[in-house]
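What follows is the residue order along each chain.
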2 protein chains.
Amino acid sequence: MRRTLSAVEYSGDEEGMASIAKAISHPVRIRILKLLASQQCCFTGELTEIIPMAQSTISQHLKALLDSGLIQGEINPPKVRYCIHRENWLKAHSMFGGFFHADLACRYDCH
Amino acid sequence: MRRTLSAVEYSGDEEGMASIAKAISHPVRIRILKLLASQQCCFTGELTEIIPMAQSTISQHLKALLDSGLIQGEINPPKVRYCIHRENWLKAHSMFGGFFHADLACRYDCH
DNA sequence: CTTGTTAATCGTATATTTGCGATGAACTAT
DNA sequence: ATAGTTCATCGCAAATATACGATTAACAAG
């Protein structure tokens, strides 16, 4: 892709928010997170039974969530147990909470 | 793209969350939202001065944010004034707040 | 009507995402 | 050692996203 000559510099916050947002920008990943968070399941196999998608696709989405830090995996041969990464989950909570804080949007009204 | 035979059915919530998340999944869109929210600017032209990207690219990102509902535009010829869509902003706030609520992640721990 | 300003849209090139089946890796059980 | 189970990774195809320059649209000012 042709990129802008003077590449835009983003803050760590901006990159971080965008990265987490991208992780939850697909409905199946939101569903997976909800399932993990509600403890309705934990092993990959249970997810593949509940969600009508190929195993490889589920695995791919799990990898995306792992990379985002929102979940963690514990190898438990031959299974893998996935869980919410509590610390990062709380970080995401405060990050989005801060971003969407009412004060920001209501400081001034153009209309 | 080859799609799964029995397409996954998502809830309105899941689709909605994913849609908003996708809107803020690019750092430049986060920056635009922060600029609009902090009222450092409002017209498209001001954004194109601050952000080193082609006018057409900024316009494209603004359209994405418009489509998400997070911002609104008021035509003010020959300019267009963009602002945070307060109502949808607050909706997003509660949506993400609810999703990342601590209880969900901490109900149970696999580790 | 012509000119200038502002912003959207079009067309294009490239990068990334998404989904699948097939295969491979890691480990258990026999 | 062999077979079975579970999950990750590879390779591919198709869709989407990203960025740009060029053009168009809408309007004001003269």
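Positions within a chain are numbered from 1, following the residues in the order the chain's sequence is written. Think of it this way: whatever chain is written first is A, whatever ligand is written first is 1, and the rest follow in order. Only residues with pLDDT of 70 or above have their local features reported here, since the model is predicted, and side-chain atom pairs are shown and tallied only from 80 upward, although totals for entire chains, interfaces and linings are computed over all residues. To obtain the side-chain values, all non-hydrogen atoms of the structure were included, while hydrogens and water were left out.

Q: What am I meant to see in the environment of B:Ser94 here?
A: The helix and strand labels rest on DSSP assignments: H or I over at least four residues marks a helix, E over at least two residues marks a strand, and numbering proceeds from the N terminus. Within the secondary structure, B:Ser94 sits in helix α5 (residues 86–99). At 3.0 Å, the side chain of B:Ser94 and the backbone oxygen of B:Lys91 are in polar contact. Counting of polar contacts relies on pairs of N or O atoms within 3.5 Å, with two restrictions inside protein: one atom must be capable of donating a hydrogen and the other of accepting it, and residues adjacent in sequence are counted only when both atoms are side-chain atoms.

Q: What exactly am I supposed to notice about the pattern of salt bridges here?
A: Any two side chains of opposite charge can pair, on the condition that their charged atoms come close. Should a side-chain nitrogen of Lys or Arg be within 4 Å of a carboxyl oxygen of Asp or Glu, the pair is scored as a salt bridge. Using the criterion set out here, one finds eight salt bridges over all chains in the structure. The partner of B:Arg31 in a salt bridge is A:Glu14, with the nearest N and O atoms 2.8 Å apart. Taken together, the residues B:Arg31 in helix α2 (residues 27–37) and A:Glu14 in helix α1 (residues 12–23) connect one chain to another. As far as the burial class goes, B:Arg31 and A:Glu14 line up, both buried. With a shortest N-O distance of 3.5 Å, A:Lys34 and B:Glu14 are connected by a salt bridge. Pair noted here: A:Lys34 is in helix α2 (residues 27–37) and B:Glu14 is in helix α1 (residues 12–23), and the two residues belong to different chains. Under the scheme applied here, a residue whose accessible area is under 20% of the maximum for its type counts as buried, over 50% as exposed, and between as partly exposed, the area being computed with a 1.4 Å probe on protein chains only. Residue A:Lys34 is classed as partly exposed on the basis of its relative accessible area, which comes to 31%.

Q: What is the right way to read the interface of chain A and chain B from this model?
A: Where interface size is quoted, it is often the accessible area lost as the parts come together. Tallying the contact residues gives 55 residues for chain A and 55 residues for chain B. A quick way to say it: buried area is the sum, across both parts, of accessible area lost when two parts are put together, with a 1.4 Å probe. Both sides of the chain A and chain B interface together cover about 4900 Å² of buried area, and 68% of this is carbon and sulfur. For the pair chain A and chain B, the interface holds four salt bridges. In this assembly, chain A and chain B are joined by six residue pairs in polar contact (both at pLDDT 80 or more). Of all elements in the fold, only α1, α2, β1 (71–76), β2 (79–84), α5 (86–99) and α6 (102–106) of chain A reach the threshold of two or more residues within the side of chain A that touches chain B. At eight residues, α5(A) tops the list of elements feeding residues into the side of chain A that touches chain B. Side-chain classes are defined by residue name, with Ala, Val, Leu, Ile, Met, Phe, Trp, Tyr, Cys and Pro counting as nonpolar, Asp, Glu, Lys and Arg as charged, and the others, Gly among them, as polar. Among the residues forming the side of chain A that touches chain B, the class breakdown is 32 nonpolar, 12 polar and 11 charged. In this analysis, two residues are considered to be in contact whenever any of their non-hydrogen atoms come within 4.5 Å of each other.

Q: Looking at this model, I keep getting lost on the nonpolar core. Mind explaining?
A: Generally speaking, nonpolar side chains in soluble globular proteins are found buried as a group. For our purposes a nonpolar core is just a set of buried Ala, Val, Leu, Ile, Met, Phe, Trp, Tyr and Cys residues, chained together by side-chain atoms within 4.5 Å. A:Ile24, A:Phe96, A:Phe100, B:Ile24, B:Phe96 and B:Phe100 are the most contacted members of the largest nonpolar core, which has 62 residues in total. Beyond its immediate stretch of four places on either side in the chain, B:Phe100 contacts A:Ile20, A:Ile24, A:Leu70, A:Trp89, A:Ala92, A:His93 and A:Phe96.

Q: I keep staring at the relation of the copies chain A and chain B and nothing clicks. Help me out?
A: One copy of the chain maps onto the other through a rotation about an axis followed by a shift along the same axis. Least-squares superposition aligns the copies on the C-alpha atoms of those residues with pLDDT at or above 70 in both. Under the fitted operation, chain A is carried onto chain B by 0.0 Å of movement along the axis and a turn of 180°, and the coordinates agree to an RMSD of 0.0 Å. Both copies are brought into coincidence by an operation consistent with a two-fold rotation axis. For chain A, the residue whose C-alpha comes nearest the rotation axis is A:Ala21, separated from it by 2.4 Å.

Q: Please clarify how the pairing of β2(A) should be interpreted in this entry.
A: One face of the sheet, then the other: side chains in a regular strand alternate in exactly this way. Residue and element names in this part refer to chain A. Of the pairings in the sheet, the one linking β1 to β2 comprises six bridges and is antiparallel in character. Paired with Ile75 across the bridge in β2 is Val80. A pair of strands is treated as paired once DSSP finds two or more bridges between them. Counting the residues that bridge the hairpin from β1 to β2 gives two residues.

Q: Would you mind going over α1(A) with me for this structure?
A: Each α-helix turn comprises 3.6 residues. Residues three or four places apart therefore point the same way. In this model α1(A) runs 16 Å from its N-terminal to its C-terminal C-alpha over 12 residues, within 8% of the 16 Å that 1.5 Å per residue would give. Within the span of α1(A), buried status applies to A:Glu14, A:Met17, A:Ala18, A:Ile20, A:Ala21 and A:Ala23. In this fold, the buried residues of α1(A) make contact with α2, α4 (55–68) and α5 of chain A together with α1 and α2 of chain B. Helix span is expected to be 1.5 Å times the residue number reduced by one.

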